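Here are the chains, one letter per residue:
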Amino acid sequence: MFRVWLSRAWLSRILRAAAALLVVVLAVSACAQIPTAGAVGTSKDGGSAIGNAPQYIPPGPQTGAGPQAIIEGFFNAGSGYQNDFTVARQFLAPSNAVSWKPSQRTLVYRGSASVVSAGRPNAYRYVLDVAYSVDQDGIMTQYPPGTKQAIDVEVSQIDGQWRVANLPDGTVIPEETFKVLYRAFSVYFYDPGYTILVPDVRWFIDNSGVAKSLVSAVIAGPAPYLKTAVASAFPPSIKLERESVPIVGNIAQVDLTSELRDASFTDRQRMHSQLVRTFAALPNVGGVSLRTNQTEVAIEDPATGKLPDPIVDPKVPAWQVGIADNQIVQYGSKQASKIDGVGSVASFGPSYPAAAASQHVYAFLGADGKALYSLLPGQPARLLDSRQHFSPPSISPSEWVWSAGPGATGATEVVTYRPVGTPAGTDIPRITVGASWLAGRTVKALRVARDGVRVLVLSEADGQSTLQVAGIVRGPDGNPKSLTDPVTLPITSKNPDIALWVDESTIVVSGTSSGDPVAPELVSLQGGDPRQISPLAGIQALSAGNGEQSIYAMTKDGIFLLVRTSWAEQGKGAMQLAFAG
């Protein structure tokens, strides 16, 4: 037996070394995986903790580490958002540690990234396959696989240690980490008439600072694809008065600059409604207090009281229109019935009917899809247009009939018509809506959203289908003028023919078949992969009402309703059903 006698000094050194080794082991473990179970630290923002993002604690720079290791360590530390990215700043030269703005942009990459030489001393590039980027306002841009991007950085020695000395603002994180740390939120803006709230999806780290991020996003204004299509009650000059939005007693205290006090009661109420709906995503926020200089400001006019609440996620009526016995009929309670005032259209061979929620106007295609008609109760059907091909019509809340197809030159055009209020024998108002991004594409489906502000377009080019959502830009007269540059949504269906709104943020996409099983999929504006619905054999058409449990499929065997995860037969009675819109 041997005994080793250690002095107190040596014992102290050994214990310190063991503690240091434990810290390194824990740090390396943290690098390998973000914890998704167990206790997670939270912080408080003025009285009430919010946010569920786990805390990622990356290791700091190691003494003597080379340039590449320092660069890799810095970008790895971009997931450590705590305390304003304290660990990441340790990799930077002192002046850069102060000036670097991590929230300016987040690049999210697939697979792994690499550090390569830039071909000059102390200059390197961090090369990655970009999946998407998120800007400081939470606006996401998606990129197809194989989109390479190189970030140029430079290093220098500070007191004998390599540090990053020149770099762009922003952080870089792997896709798996992004999915754990970030969450989709909808911030809200108004339709041009200030009666409906329209969602605008943003991505933020789901931590205690998310309340401030949401308010800042609303103040900054809508995403580019909605910027000229929606309105906001917040004037461009207004700002947050402090760098946080405290949650006190479940009330979000939003302290704004003096422009709030100068705003009218109407504008204050509209600001309040935008924020109340935006904060609905945070379960611990039950109300909003508008303040300036930390003093609450009244939002209601004592003389006129409260404005009507804006509409959120507008609903469609329970009835549908369809085709039965070569006529346009109304369908509900598993049976078809005649529509009052609507005469026979059998001679036109009607297909793909559409209806306004007001029931003031209907539309349909002729048998070969080369003619578009409108139908007003008490009047005969009127030809709106004829061309080689039309997409199934959609009718906006303002009663414009929309469709798309090749124009006189063969190029794809989006067209809209307003037959309501047009006397017989006069030309029906017609507008060609600008959408240059549809050049060279065939439109399979075009549907105006129930808010009347957005439109979804399913189009095809070179055998590839694309699902996009754009905003509707209106002229001074309020009439449609053009479509904004769209956002593109992911789909997995190989050859879809159908795209329909299910609610304000969900779209159902499907192919069709004469007999083979077809699995429609739900696509969310809030991101994530498309979610498949149970397959059904021989889907020829779909309709979508209010939510996922109001999706109908039509086959040669009849009508089916999606009930939870399976299709329930509803009998027969009509074909090509469509909810209003």
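Our structure is the block above this text.
Residues numbered from 1 in each chain as written. Predicted model: local features only at pLDDT ≥ 70, side-chain atom pairs only at ≥ 80, totals over all residues. Heavy atoms only, no water.

K.L.:
Explain the overall build of the protein chain here, please?
P.N.:
Each helix and strand counted, the protein chain has eight helices and 40 strands in total. Based on the C-alpha atoms only, the size of the protein chain along its principal axes is roughly 105 × 65 × 50 Å. Counting the 581 residues in the protein chain, one finds 51% classified as buried. When contacts within the protein chain are restricted to residue pairs at least 6 apart in sequence, long-range pairs at least 24 apart make up 53% of them. On the protein chain, roughly 26800 Å² of surface is accessible, and the fraction owed to carbon and sulfur atoms is 52%. Computed over 46 positive and 47 negative side-chain charges, the separation of the two mean positions in the protein chain equals 5 Å. (Helix = DSSP H or I, 4+ residues; strand = E, 2+ residues; numbered from the N terminus. Buried < 20%, exposed > 50% of the residue type's maximum accessible area, 1.4 Å probe, protein only. Contact = heavy atoms within 4.5 Å. Areas by Shrake-Rupley, 256 points an atom, 1.4 Å probe, with all protein chains shown as cover. Lys, Arg positive; Asp, Glu negative; His and termini not counted. Charge placed at Lys NZ, Arg CZ, Asp CG, Glu CD.)

K.L.:
Just to check I follow, could you spell out the pairing of strand β19 (residues 371–375) for this structure?
P.N.:
Strand residues, when the strand is regular, have side chains that alternate between the two faces of the sheet. Across the five residues of β19, five count as buried, placing the element largely inside the fold. A two-sided burial pattern is seen for β19, the buried positions comprising Ala 371, Tyr 373 and Leu 375 on one face and Leu 372 and Ser 374 on the other. Relative to β19, strand β18 (residues 362–365) runs antiparallel, the two being bridged by four bridges. Note that in β19 the partner of Ala 363 across the bridge is Ser 374. Once β18 ends, the chain turns through five residues before running back antiparallel as β19, passing Gly 369 with a positive phi of about 75 degrees. Counting the residues in the hairpin turn of β19 and strand β20 (residues 382–386) gives six residues, including Gly 378, whose phi is positive at 85 degrees. (Pairing = 2+ DSSP bridges.)

K.L.:
How should the environment of Glu 521 be read in this particular structure?
P.N.:
Position of Glu 521 among the secondary structure elements: in strand β33 (residues 521–524). Residue Glu 521 is classed as buried on the basis of its relative accessible area, which comes to 1%. Considered as a pair, Glu 521 and Asp 159 are 362 residues apart in the sequence and their alpha carbons are 58 Å apart. If near-sequence neighbours (up to four positions away) are discounted, Glu 521 is found in contact with Ile 491, Thr 492, Ser 493, Ile 507, Val 508, Val 509, Pro 530, Arg 531, Gln 532 and Ile 533. Among the polar contacts listed, one links the side chain of Glu 521 to the backbone nitrogen of Ser 493, at a separation of 3.4 Å. (Polar contact = N/O pair within 3.5 Å; in protein donor to acceptor, adjacent residues only side chain to side chain.)

K.L.:
I keep staring at unusual backbone geometry and nothing clicks. Help me out?
P.N.:
Trans is the common state for peptide bonds, and a negative phi is the common state for residues other than glycine. We note that Asp 325 has phi near 55 degrees; this positive angle belongs to a residue other than glycine. You can see Asp 325 is positioned in the loop between β14 (320–324) and β15 (327–332). Since its relative accessible area comes to 75%, Asp 325 is described here as exposed. A positive phi angle is found at Asp 462, which is not glycine, with a value near 55 degrees.

K.L.:
What's the story with the pattern of salt bridges in this structure? I'm lost.
P.N.:
Side-chain pairs of opposite charge can arise where the charged atoms are in close proximity. Summed over the entire model, instances satisfying the criterion amount to 19 salt bridges. Put simply, Asp 385 and Arg 387 hold a salt bridge, and the shortest N to O gap is 3.1 Å. Among the residues examined, Asp 385 registers a relative accessible area of 14% and is labelled buried. Across the pair Asp 385 and Arg 430 runs a salt bridge, and its minimum N-O distance is 3.4 Å. (Salt bridge = Lys/Arg side-chain N within 4 Å of Asp/Glu carboxyl O.)

K.L.:
Please explain the side chain of Thr 257 as it appears in this structure.
P.N.:
Relative to the helices and strands, Thr 257 resides in the loop between β10 (251–256) and α7 (259–262). At a separation of 2.6 Å, a polar atom in the side chain of Thr 257 contacts the side chain of Glu 259. Beyond its immediate stretch of four places on either side in the chain, Thr 257 contacts Ser 237, Ile 238, Lys 239, Leu 240, Glu 241 and Thr 292.

K.L.:
Which parts of the structure should I look at to understand the sheet that holds strand β31 (residues 506–510)?
P.N.:
By definition, the strands of a sheet pair up through backbone hydrogen bonds, in either a parallel or an antiparallel sense. Spatially, the four strands line up as an open sheet ordered β30-β31-β33-β34, and their pairing is antiparallel. Each edge of the open sheet is held by one strand with a lone partner, namely β30 (498–503) and β34 (531–532). Of the strand pairs in this sheet, β33 and β34 are connected by two bridges, and their pairing is antiparallel. Paired with Leu 522 across the strands is Arg 531, a residue of β34.

K.L.:
For this particular structure, what's the right way to read helix α3 (residues 82–89)?
P.N.:
Along an α-helix, residues three or four positions apart point the same way, because every turn accommodates 3.6 residues. Among all positions of α3, only Gln 82, Phe 85, Val 87, Ala 88 and Arg 89 are buried. On its buried face, α3 is in contact with α2 (67–76), α4 (94–99) and β6 (171–174).

K.L.:
When you look at the sheet that holds β18 in this model, what are you seeing that I'm missing?
P.N.:
Taken in spatial order, the four strands line up as β17-β18-β19-β20 in an open sheet, and their pairing is antiparallel. Strand pairing shows two members of the sheet lacking a second neighbour, β17 (351–355) and β20, which therefore form its edges. On average, each strand axis in the sheet is tilted by 20 degrees relative to the strand beside it, whichever way the strands run. By the bridge criterion, four bridges tie β19 to β20 in an arrangement that is antiparallel. If you follow Leu 372 over to β20, its bridge partner there is Asp 385. (Axes fitted to C-alpha atoms, helices over the stretch in contact; angles between N-to-C directions.)

K.L.:
Explanation requested: α2 in the structure shown.
P.N.:
For α2, the full list of buried residues reads Pro 67, Ile 70, Ile 71, Gly 73, Phe 74 and Phe 75. Looking at the buried side of α2, the elements it contacts are α3, β1 (105–117), β2 (123–135), β4 (148–158), β5 (161–166) and β6.

K.L.:
Honestly, the nonpolar core in this entry has me stumped. Any pointers?
P.N.:
Soluble globular proteins: nonpolar side chains tend toward being buried together. One finds Val 254, Phe 279 and Leu 467 to be the most contacted residues of the largest nonpolar core, which totals 95 residues. Non-local contacts of Phe 279, meaning those with residues more than four positions away in its chain, are made with Ala 211, Leu 214, Val 215, Val 245, Ala 252, Val 254, Val 285 and Val 288. (Core = buried A, V, L, I, M, F, W, Y, C linked by side-chain atoms within 4.5 Å.)

K.L.:
Even after reading the chapter, I still don't get the packing of helix α6 (residues 210–220) against helix α8 (residues 265–278), so can you show me in this structure?
P.N.:
When two helices pack together, their arrangement is given by the angle between the helix axes and by the axis-to-axis distance. Direction vectors running N to C along α6 and α8 enclose 135 degrees, while the axes themselves pass 11 Å from each other. Our classification of the angle between α6 and α8 gives oblique. Both α6 and α8 take part in a crossing whose hand is right-handed. Counting all contacts with α6, which are made through Leu 214, Val 215 and Val 218, the residues of α8 involved are Gln 274, Leu 275 and Thr 278. Taken together, the residues of the contact of α6 with α8 break down into four nonpolar, two polar and no charged. (Parallel < 35°, antiparallel > 145°, perpendicular 65-115°, else oblique. Left-handed = near helix turned anticlockwise from the far one by under 90°. Nonpolar A, V, L, I, M, F, W, Y, C, P; charged D, E, K, R; others polar.)

K.L.:
Would you mind showing me how to read the packing of aromatic side chains here?
P.N.:
For any pair of aromatic rings, geometry is given as the distance between the ring centres together with the angle between the planes. The full count for this structure, using the stated rule, is 12 aromatic pairs. Ring centres of Tyr 190 and Tyr 194 lie 5.2 Å apart, and the angle between their planes is 45 degrees; this geometry places the pair in the tilted category. Each ring, one from Phe 364 and one from Tyr 373, has its centre 5.1 Å from the other, and the planes form 15 degrees; the classification is stacked. The same class applies to Phe 364 and to Tyr 373, which are both buried. By way of ring pairs, the aromatic residues Phe 74, Phe 75, Phe 85, Trp 100 and Tyr 126 are connected into one cluster. Arg 268 extends its terminal NZ or CZ atom over the ring of Phe 265, reaching a point 5.1 Å from the ring centre. The ring of Tyr 194 has Arg 270 lying over it, and the distance from NZ or CZ to the ring centre is 4.1 Å. (Phe/Tyr/Trp six-rings, centres within 6.5 Å; stacked < 30°, edge-to-face > 60°. Lys NZ or Arg CZ within 6 Å of the ring centre and 35° of its normal.)

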